[in-house]
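# Observations on chain architecture
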Amino acid sequence: MRPSQIMRGGGGGPPVGQFNKSVPPYLGGFGNFGGSKQKGIISYGISPNRQNPFAGAVHDAIFNTWRRFSAQVLYIAPPFVAAYFIMDWATHRNEYLNSKAGRAEFADAEE
């Protein structure tokens, strides 16, 4: 007795790449897609030892960093400058209020 199509596991059906209205086209086994050879497709390649993947990377990194920095500096710098001057003022004010002159000036305000 001959094995059935399903038991063969060879895919059966029409030959590779042909279309049958009742069965979808069989492309080939797993990882071995069949079909006719492609024509008119041209691909070019370059040897790995002729490639220079980091060509211009340092130059691009410097100028891209500068572009991004200059675009954001006006959003970031003013709050930091204001915070620096406020902190500087508060430090000097605290030093004055805890000095002899500051305590003498505000001694009557404590009571």
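Per chain, residue numbering runs from 1 following the sequence as it is written. Only residues with pLDDT of at least 70 are given local features in this predicted model, and only at 80 or more are side-chain atom pairs given and counted; all residues enter the totals for whole chains, interfaces and linings. Side-chain numbers come from the whole structure's heavy atoms, not from hydrogens or water.

We apply this condition: UniProt positions are given in the numbering used here, feature names are shortened, and annotations may be inferred rather than shown by experiment.
An unreviewed UniProt entry lists the protein under the name Cytochrome b-c1 complex subunit 8, from Lasiosphaeria hispida. UniProt's Subcellular location (unreviewed entry) comment on the protein is quoted here verbatim: "Mitochondrion inner membrane". What UniProt records for the protein under Function (unreviewed entry) is the sentence "Component of the ubiquinol-cytochrome c oxidoreductase, a multisubunit transmembrane complex that is part of the mitochondrial electron transport chain which drives oxidative phosphorylation. The complex plays an important role in the uptake of multiple carbon sources present in different host niches."

### Some details on the overall build of the protein
Put simply, the rule reads: What counts as a helix is a DSSP run of H or I of at least four residues, what counts as a strand is a run of E of at least two, and both are numbered from the N terminus. Only protein chains enter the area calculation, which uses a 1.4 Å probe; residues under 20% of their type maximum are buried, those over 50% are exposed, and those in between are partly exposed. Only the protein chains shown count as cover for residues, and the accessible areas themselves come from Shrake-Rupley with a 1.4 Å probe.
Assigned secondary structure in the protein consists of four helices and zero strands. Listed N to C, the secondary structure of the protein is α-α-α-α in terms of helices and strands. Across the 111 residues that make up the protein, the buried fraction comes to 3%. Of the roughly 10,900 Å² of accessible surface on the protein, 62% is carried by carbon and sulfur atoms.

### Considering the packing of aromatic side chains
This is how the line gets drawn: To pair, rings of Phe, Tyr and Trp, with the six-membered ring standing in for Trp, must have centres within 6.5 Å; the planes then decide the type, stacked if under 30 degrees apart, edge-to-face if over 60, and tilted in the middle.
According to the stated counting rule, one finds two aromatic pairs in the structure shown. Pairing tryptophan 66 with phenylalanine 69 gives two aromatic rings, centres 5.7 Å apart and planes at 40 degrees, and the pair type is tilted. Separated by three residues within a single helix, tryptophan 66 and phenylalanine 69 lie in helix 2 (residues 57-97), roughly one turn from each other. Accessibility expressed as a relative area gives 46% for phenylalanine 69, which makes it partly exposed.

### A closer look at the environment of serine 70
For the record, the criterion: Contacts described as polar in this section are N or O atom pairs within 3.5 Å, which, within protein, must combine one atom able to donate a hydrogen with one able to accept it, while residues neighboring in sequence count only if both atoms come from side chains.
Tracing the backbone through its elements, the reader meets serine 70 in helix 2. Here arginine 67 takes part through its backbone oxygen, which lies 3.0 Å from a polar atom of the side chain of serine 70.

### Topic: a nonpolar patch on the surface
Inclusion rule: Here the term patch refers to residues with relative accessible area over 30% and no salt bridge, with like charges joined within 9 Å and nonpolar side chains (Val, Leu, Ile, Met, Phe, Trp, Tyr) within 5 Å. Definition used for salt bridges: Asp or Glu carboxyl oxygen within 4 Å of a side-chain nitrogen of Lys or Arg.
Among the surface-exposed residues, Val58, Ile62 and Phe63 lie close enough to one another that they form a single nonpolar patch of about 330 Å² accessible area. Tracing the backbone shows isoleucine 62 in helix 2. The class for isoleucine 62 is exposed, based on a relative accessible area of 52%.

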